[in-house]
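What follows is each chain in one-letter form.
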Amino acid sequence: MKPPSKVQRTLRIVVVNTVPDHATDESARAAQARRNTALRIGLLESGYDIVASLPADIFLPERIAQIQPDMIIIDSESDARDVLEHIVIATRDEPRPIVLFTDDQTPSSMDAAIDAGVTAYIVDGLQAERVKPVLDVALKRFKREQKLLDELSDTRRQLADRKLIERAKGVLMARNKLTEEEAYQRLRTMAMNKKLKLAEVAQRILDVEDLLG
């Protein structure tokens, strides 16, 4: 058997269970125990491990913030919308891959899960032998989506910076009777002298202009 890679051994996984330990429904608790066993076996055989198994309560966001896992796995037999609300709060500022194993096949539940940021929605697939391929795909998909989001964010930031620079150039041209090229060169000189980015100098110029009315 091929030994687990270093990435797999160090992956920190938190499992969120939707059936609380104090549940009175014995059948639900028994089913949850079987699912937990299958999940843990699948993780261990793949070289992964569970750093924490958490209940789906109001303290979930705080616990996830403390543990800082690399991935969150939600184990839910039925509708997991209440759990997803807590997960959204917990991952709002620090996105991470979320895999949901469930028996719920309703389209509305799937839509709610995807909207909440679930990376992989796996229906009736919590068998030990399926855990590794599911997690591998979820990780790759999450990384690809984050890369696209980062690229989009960079593009928006560059566009915003260009708008700031254009506005600052207009202020300098009007205030000092400069040509567009002269205004741009003055911005560059100010940025170099102050060791700032062009957009930062442009923002300062616009702030001063606002103060002066």
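Rules of the game
- Residues numbered from 1 in each chain as written.
- Predicted model: local features only at pLDDT ≥ 70, side-chain atom pairs only at ≥ 80, totals over all residues.
- Heavy atoms only, no water.
- Helix = DSSP H or I, 4+ residues; strand = E, 2+ residues; numbered from the N terminus.
- Buried < 20%, exposed > 50% of the residue type's maximum accessible area, 1.4 Å probe, protein only.
- Lys, Arg positive; Asp, Glu negative; His and termini not counted.
- Salt bridge = Lys/Arg side-chain N within 4 Å of Asp/Glu carboxyl O.
- Polar contact = N/O pair within 3.5 Å; in protein donor to acceptor, adjacent residues only side chain to side chain.
- Contact = heavy atoms within 4.5 Å.
- Pairing = 2+ DSSP bridges.
- Axes fitted to C-alpha atoms, helices over the stretch in contact; angles between N-to-C directions.
- Right-handed = clockwise from strand over helix to strand, strands pointing away.

Per an unreviewed UniProt entry, the protein goes by ANTAR domain-containing protein and derives from Massilia pinisoli.

(A) Broad picture of the side chain of arginine 96. Relative to the helices and strands, arginine 96 is located in the loop between helix H4 (81-91) and strand E4 (98-102). The charged side chain of arginine 96 is buried without a salt bridge, its nearest counter-charge being glutamate 94 at 4.2 Å. A distance of 3.4 Å separates a polar side-chain atom of arginine 96 from the backbone oxygen of glutamate 94. The residues touching arginine 96, leaving out its near neighbours within four places in the chain, are Ile64, Gln68, Pro69, Asp70, Ile72, Ala90, Thr91 and Phe142.

(B) Region of the structure containing the sheet that holds strand E2 (residues 49-55). With parallel pairing, five strands are arranged side by side in an open sheet as E2-E1-E3-E4-E5. Taken across any chain shown, the strands that pair with only one partner, and hence form the sheet edges, are E2 and strand E5 (120-123). Looking at each pair of strands side by side, their axes are set apart by 20° on average, direction ignored. In this structure, strand E3 (residues 71-76) lies alongside E4, joined through five bridges in parallel fashion. Note on E4: the bridge partner recorded for isoleucine 73 is valine 99.

(C) Main features of the pairing of E5. Note that E4 and E5 share four bridges and pair parallel. Bridge pairing in E5 places leucine 100 opposite tyrosine 121. Handedness of the E4-helix H5 (residues 107-116)-E5 crossover: right-handed.

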